[in-house]
Amino acid sequence: MKSPLLSLPGAVPAEGADEGVAAHYGDIFREQRTLSQGAGFVDLSHRGVVTVTGPDRLSWLHLLLTQHVSELPPQQAAEALVLSPNGHVEHALYLVDDGATTWAHVEPGTQEALVAYLDSMRFFYRVEVADATAEYAVVHLPAGSTASVEGAAAVRELPYGRDLFVPRGDLERLTAGYGPAAGVWAYEALRIEGHRPRLGFETDHRTIPHEVDWLRTAVHLQKGCYRGQETVARVHNLGRPPRRLVFLHLDGTEESLPPHGTEVRLATDPDGRALGFVTSSARHHELGPIALAIVKRNVPVDAVLLAGTVPGTQDVIVPQ
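As the structure is a computational prediction, the values presented were derived from the model and not from experiment. (Residues numbered from 1 in each chain as written. Predicted model: local features only at pLDDT ≥ 70, side-chain atom pairs only at ≥ 80, totals over all residues. Heavy atoms only, no water.)

Student: How would you summarise the packing of aromatic side chains if you had to cite specific residues and measurements?
Tutor: Geometrically, a pair of aromatic rings is defined through the distance of the ring centres and the angle of the planes. The final tally for this structure, using the stated rule, is four aromatic pairs. An aromatic cluster is built from W103, Y136 and F165, whose rings are joined through pairwise contacts. Sitting above the plane of the Y160 ring, R196 keeps its charged end 3.6 Å from the centroid. (Phe/Tyr/Trp six-rings, centres within 6.5 Å; stacked < 30°, edge-to-face > 60°. Lys NZ or Arg CZ within 6 Å of the ring centre and 35° of its normal.)

Take a look at the structure:
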């Protein structure tokens, strides 16, 4: 779904998973600084939007998701996952309930599969699930923004900003009052700095929540049974995840960033076995080149790593 905001001056279209919105508007570092100072907005209108209505919506979602949402207060943001029977991450939902409707935005292109799964689990519950992507778009305002959110159908208040669900037909009109536009490259750089995992980037077909720090933000360890809960409880109580997410400060002398999937090795053994892979990378306006990577749990936390040919030091996100 191509955003009308790609017609803004300087807009350069994003590719890959973020196709449909702007990668940047001509100056990625200025855009990052603007967001960091609490101004501007990010067009995330390529993301999927799913709504759930009906009197049983929260108690029903509580049975399916990793998060405790049965008593989720109106306007309180939450993160939640859908797991496979073996505990692997299948979907990541960014939720808010307005008292009548539960709103969620999800990774681009995943909404159809999510709606199909949720519909298959309705049974006798009084709920209605809808793919609302064609009607609503997601816009992000950074923390500190004073932009009015009047006109948004729902708002997720977050420590790092606000996610707005706005009528897609009003996207251009509403964002005109939000300040200068920033592209998804700026948003991604700040996401990586904040150690926030993203489905399809920090995850693969065998990811469990513990590996990417979702145990802290998207999983409630005291709630009742849900699909995959046995794996979550077993690893949390009896073991450690086989892999862990790390933040990498990359060598700034290299011209190119290691792309998603770049193999990670020990700098002391550059020809040795791969110990993980880069999940996301960006150029940060203050930190320089940075990345997130998934590595084997037993990789020493003080080891210098090679992301392809680029050396990097680790910050621990998920303990060994």
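Student: Now, about helix α1 (residues 28-36): what can you tell me, with residues and values included?
Tutor: Taken as a whole, α1 has its buried residues at E31, Q32, T34 and L35. With its buried residues spanning 160° around the axis, α1 presents them on a single face. Structurally, α1 contributes buried residues whose contacts are with β2 (22-24), β3 (41-43), β9 (136-142), β12 (181-182), α5 (184-193) and β15 (276-284). Just beyond α1, the residue with positive phi is G38, at close to 85°. (Buried < 20%, exposed > 50% of the residue type's maximum accessible area, 1.4 Å probe, protein only. Helix = DSSP H or I, 4+ residues; strand = E, 2+ residues; numbered from the N terminus. Arc of directions from axis to C-beta. Contact = heavy atoms within 4.5 Å.)

Student: Give a detailed account of the side chain of T101, specifying residues and quantitative values.
Tutor: Examined against the element boundaries, T101 turns out to sit in strand β7 (residues 101-106). Residue classification places T101 among the buried residues on the basis of a relative accessible area of 14%. Apart from residues lying up to four places away in sequence, T101 is in contact with T51, V52, T53, R57 and V96.

Student: Can you tell me about the nonpolar core, naming the residues and giving the values?
Tutor: Grouped together as the largest cluster of nonpolar side chains are 24 residues, with contacts concentrated most on L81, W214 and L245. Those elements that provide at least two residues to this core are β5 (78-83), β6 (89-97), α5, α6 (214-217), β13 (243-250), β15 and β16 (288-296). Once residues lying within four places of it in the same chain are set aside, the contact partners of W214 are E79, L81, V89, A92, Y94, P197, R198, L199, T203, P209 and V219. One finds V52, V69, L95 and V106 within the second-largest nonpolar core, a separate group that totals 22 residues. (Core = buried A, V, L, I, M, F, W, Y, C linked by side-chain atoms within 4.5 Å.)

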